[in-house]
Amino acid sequence: MTHTTSLSQSDAQVARIISLEEQRQQDKLSMIPSENFFSKAVREAVGSVLMHKYAEGNVKKRYYEGNQYIDELELLTIERAKKLFRCPPDWGVNVQALAGSNANLAVYLALLEIGDTMMGMYLPDGGHLSHGWSHEPKGAPDSSDLVYEGGSAKVNISSKIFKTVQYKTSPSTQLFDYDEVERIAMQYKPKLLITGGTAYPREIDYRRMKAIARKVGAYYMADIAHEAGLIAAGVNSSPVGIADVVTMTTHKTLRSGRGAIILASDEIIKKINRAVLPGMQGGPFNNNIAGICVGLGEAMEYSFTTYAWQVVRNAQYLCRELEKFDFKIVSGGTDKHLVLIDLTNKAVLGKKFARALDYAGIVANYNTMPQETRSPADPSALRMGTPWLTTRGMKEGEMVHIAAWMNRVMVVCSAWGELDFKEFEERVATSFEIMQIASEVKELCGRFPLEF
Ligand code: DSN
């Protein structure tokens, strides 16, 4: 074996795993809203020789020699991000944070002192771990109050080093009650107000949030990880130029490989750059930055705007079709790529339904929901999304089939809703009807092949 031997010749075990994963992606409907399928160009850039180079520091201020081309790449990525997200002229960009949580932590380290208070969305309602999560070790948190102060079990590093307080969605609408968010902010006086998360299907009023932050003297950070591509395309509204800092991951709706981008005023971005390095990371992953750069280039094309509109249309159509089968959609619909289904009126809840759907070839994830009464390990809801299917070229007609298949899966497995998880899975795995649905799903996928 030499340095130039191909993977299939040098490591049959890893080659086999990759080939099986390719087949899985090809044959199933990937509907986890935070996933997408990247172009060959993005994947080529990520797999390139750029991964060999150390580039600690910022453009033209590196601690290692030989970074002429890495500088050029990082600068190009920054310029593309500024253009795509329509940054004000006095805003800067960081593309080095390795992932979304790192990006958020870098913002906290740049803007807060240890022990300061941050205020974000309540995790079970659809917030994100990195916005601060702690809870009492036993029992579900009290769901009657619209504010959550956390508990003694500090789960995320953000809650270990900062005080975290969280606002919930309104129990009647499952939407933000901005007056209530303002009341909570006035009471707790956070130094940082955060919006964004993983399962809020509606647009956020960024101007209102900024006004609340301003009123209490807080910075405002908008985490747009999920909807970054929709914002870039102008399909969702943008917090850029409104919030003090905007963070995002690049691999969800933005379809640009794995990584993160931080946008902020030049003054704030300087602090953030220092928080990323030397604050918490070493050398950036240049190959991932190249993937981001290529993805941003793709997102500037007209076809990406069409794609983003179709992502939302597909999600909205899916909601409509699911409602015909008495699936309850959290907040009554979606403005985005994601759909949260409240299964409390069904015989099978999120965890079992997600597993049954996977056997049927539809890959989603179980999720908590507003007013959740169950554990996050076995919650009431199912979260789905349309970014990947839309990349495959699927449209409204395919959503009709998907909703009907989902209903068939629910009808079949409802009879086993009371079984424990292991027994439930055994029934599902041997069900002729589920196998039949899986083969219909595979046939549909075959008509929208992925190019590996
Ligand atoms: N894991 C991501 C998601 O699925 O939404 C968030 O980090």
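What you are looking at is a predicted structure, and each value in this text was computed from that prediction instead of being measured. (Residues numbered from 1 in each chain as written. Predicted model: local features only at pLDDT ≥ 70, side-chain atom pairs only at ≥ 80, totals over all residues. Heavy atoms only, no water.)

Let us look at the side chain of Glu-298. Examined against the element boundaries, Glu-298 turns out to sit in helix H11 (residues 286-299). Beyond its immediate chain neighbours, meaning those up to four positions away, Glu-298 contacts Ser-39, Ala-41, Val-42, Arg-255 and Phe-304. (Helix = DSSP H or I, 4+ residues; strand = E, 2+ residues; numbered from the N terminus. Contact = heavy atoms within 4.5 Å.)

Time to look at the sheet that holds strand E17 (residues 365-367). With antiparallel pairing, four strands are arranged side by side in an open sheet as E14-E15-E18-E17. Looking at strand neighbours, the two that pair on one side only are strand E14 (328-329) and E17, the edges of this open sheet. As judged from the five bridges shared by strand E15 (residues 338-342) and strand E18 (residues 381-385), these two strands associate in the antiparallel manner. Of the residues in E18, the one forming a bridge with Leu-338 is Gly-385. Of the strands in this sheet, E14, E15 and E18 touch helix H12 (residues 302-324), which is tilted by about 20° from E15. The strands touched by helix H13 (residues 350-359) within the sheet are E17 and E18, with E18 carrying the most contacts at an inclination of about 45°. (Pairing = 2+ DSSP bridges. Axes fitted to C-alpha atoms, helices over the stretch in contact; angles between N-to-C directions.)

Turning our attention to empty space enclosed by the protein. Under the definition given, this model contains two cavities of 30 Å³ or more. When its volume is computed, the largest cavity comes out at roughly 50 Å³. At three residues, the largest contribution of residues to the lining of the largest cavity is made by H11. Residue composition of the lining of the largest cavity, by class: seven nonpolar, three polar and one charged. (1 Å grid on protein atoms, 1.4 Å probe; cavity = no way out; pocket = protein on both sides within 12 Å on 5 of 7 lines; lining within 4 Å. Points joined across faces, edges and corners; volume = space filled by probe spheres on them. Nonpolar A, V, L, I, M, F, W, Y, C, P; charged D, E, K, R; others polar.)

The next subject is the pairing of strand E13 (residues 260-265). For E13, a buried count of six out of six residues is recorded, marking the element as mostly surrounded by other parts of the structure. Bridge count for strand E4 (residues 91-94) against E13 is four bridges, and the pairing is antiparallel. Bridge pairing in E13 links Trp-91 to Ser-265. Pairing of strand E12 (residues 245-249) with E13, which is carried by five bridges, proceeds in the antiparallel orientation. Note that in E13 the partner of Val-246 across the bridge is Leu-263. (Buried < 20%, exposed > 50% of the residue type's maximum accessible area, 1.4 Å probe, protein only.)

Quick look at helix H4 (residues 68-84) now. Compared with an ideal rise of 1.5 Å per residue, which puts 17 residues at 24 Å, H4 spans 24 Å between its outermost C-alpha atoms and is within 8% of the ideal. By the burial criterion, the buried members of H4 are Ile-70, Asp-71, Leu-73, Glu-74, Thr-77, Ile-78, Ala-81 and Leu-84. A positive phi of about 50° marks Arg-86, the residue just after H4. (Expected span 1.5 Å × (residues − 1).)

Relative to the helices and strands, Ala-233 is located in the loop between helix H9 (228-232) and E12. Separated by 72 residues in the primary sequence, Ala-233 and Thr-305 have C-alpha atoms spaced 4.9 Å apart. Setting aside anything within four residues of it in sequence, one finds Ala-233 in contact with Phe-304, Thr-305 and Ala-308.

Taken together, Ser-34, His-128, Thr-198, His-226, Lys-252 and Arg-383 make up the full set of residues near the ligand. Take Ser-34: an N or O atom from its side chain is 2.6 Å from an oxygen atom of the ligand. Taking His-128, its side chain carries an N or O atom lying 2.8 Å from an oxygen atom of the ligand. Taking 230 Å² as the accessible area of the ligand by itself, protein coverage stands at 64%. Partitioned by chemical class, the residues of the shell around the ligand number no nonpolar, four polar and two charged. (Near = heavy atom within 4 Å. Polar contact = N/O pair within 3.5 Å; in protein donor to acceptor, adjacent residues only side chain to side chain. Areas by Shrake-Rupley, 256 points an atom, 1.4 Å probe, with all protein chains shown as cover.)

Another point: the packing of H12 against helix H15 (residues 396-414). In contact at an axis separation of 9 Å, H12 and H15 are set at 35° when each is read in the N-to-C sense. Considering how the two elements wind past one another, H12 and H15 form a crossing that is right-handed. Only Glu-396, Met-399, Val-400, Ile-402, Ala-403 and Met-406 of H15 make contact with H12, whose side of the interface consists of Gln-310, Arg-313, Asn-314, Tyr-317, Leu-318, Glu-321 and Leu-322. Considered class by class, the residues forming the contact of H12 with H15 number eight nonpolar, two polar and three charged. (Left-handed = near helix turned anticlockwise from the far one by under 90°.)

Turning our attention to the confidence of the model for the protein chain. Overall, the predicted model of the protein chain reaches an average pLDDT of 97, with 99% of residues at or above 70. Taken element by element, the predicted model of the protein chain shows its lowest mean pLDDT in strand E6 (residues 134-135) (90) and its highest in strand E16 (residues 362-363) (99). (pLDDT = per-residue confidence, 0-100.)

Between helix H5 (residues 100-111) and helix H10 (residues 266-276), the least distance of the axes is 8 Å, while the angle of their chain directions is 115°. Overall, the two elements H5 and H10 adopt an arrangement that is roughly perpendicular. Seen from above, H5 lies across H10 with right-handed handedness. Note on element contacts: H10 touches H5 through Ile-268, Lys-271, Ile-272, Ala-275 and Val-276, opposite Ala-106, Val-107, Leu-109, Ala-110 and Leu-111. (Parallel < 35°, antiparallel > 145°, perpendicular 65-115°, else oblique.)

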